[in-house]
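As a plain string of letters, each chain reads:
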Amino acid sequence: MHGPLDHQLALTFAVVFPVVATPVYRRRRPALLAGDLRVRRREFLETLVWLGAMGVCTVAVWTGTGRDLTALGLTVPAGRRGWLGMTLAGVAAMALFVQTWAVRRDPTTREAARTAFEGERDFLPTRRSERHLFWAIALAAGVAEELFFRGFLIAYGVLWLPTPATVVVSSVLFGLVHVMHGSRATLRATGLGLVLAVLYVWSGSLWPSILLHTGIDWSSAESGYFALGDGC
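Quick caveat, the model's predicted, so the values are computed rather than measured. (Residues numbered from 1 in each chain as written. Predicted model: local features only at pLDDT ≥ 70, side-chain atom pairs only at ≥ 80, totals over all residues. Heavy atoms only, no water.)

**A look at the nonpolar core**
L9, M54, F148, F149, F152 and L153 are the most contacted members of the largest nonpolar core, which has 31 residues in total. Those elements that place two or more of their residues in this core are α1 (4-34), α2 (37-64), α5 (128-157), α6 (163-177) and α7 (183-203). Not counting the four nearest positions on each side in its chain, F149 is found in contact with F13, M54, I154, S170, L173, F174 and V177. (Core = buried A, V, L, I, M, F, W, Y, C linked by side-chain atoms within 4.5 Å. Buried < 20%, exposed > 50% of the residue type's maximum accessible area, 1.4 Å probe, protein only. Helix = DSSP H or I, 4+ residues; strand = E, 2+ residues; numbered from the N terminus. Contact = heavy atoms within 4.5 Å.)

**Side note on the packing of aromatic side chains**
This structure, assessed with the given rule, holds 13 aromatic pairs. Taken together, a centroid distance of 4.8 Å and an interplanar angle of 80° make the contact between F44 and F134 edge-to-face. With F44 in helix α2 and F134 in helix α5, this residue pair connects regions lying 90 residues apart in the sequence. Summarising the burial analysis for this pair, F44 and F134 share the class buried. Between Y225 and F226, the aromatic rings sit 5.1 Å apart at their centres with planes inclined by 65°, giving edge-to-face as the arrangement. On the accessibility criterion, Y225 (1% relative accessible area) is buried. (Phe/Tyr/Trp six-rings, centres within 6.5 Å; stacked < 30°, edge-to-face > 60°.)

Below is the structure:
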């Protein structure tokens, strides 16, 4: 049974955060696109703080009410599904690494990436000083967003909905958190959320989803840096 803290946690990060953050981000977007160093650094640091708060609050609420972290999905992959899920996530992460390496080394691939990422210049690293900060953001997103959107929200939602419906709802909410970046980013995040949720439910562990999510965010940041920024 979930209590008031669970309701508050769900409301804060699934509803209040996008409602508050979206207009703020849209006011900053012109300065982000123009390369304003102060605004970009502030936005990226605030993103890191929000992600840290999301992860810490999720774990604190869960354990503070006497529940074991294994019920949140933080269990070692076990059985055929668990290890197969981890293997699939690992293979996908390696493929992303190879793709990122190609963007870095191959001019043709880099030019294609530049075209693909041009519309996302506002939230990708374009300077060396931003690059390592995005490594931290990728890791924080991979851990915190999986803990909240997959581990917590699915456990929270199954009290009222069947698991398949909860998977869909949690994925839509994950997409809406990215609405500040535009409709394409929202749809892409919703699709990614669905893949990660299915991977979590099927494997029985959050670790494959955490690995894949971190790999995707890291690859996007690195590819964006080498395609758009001073790494090109």
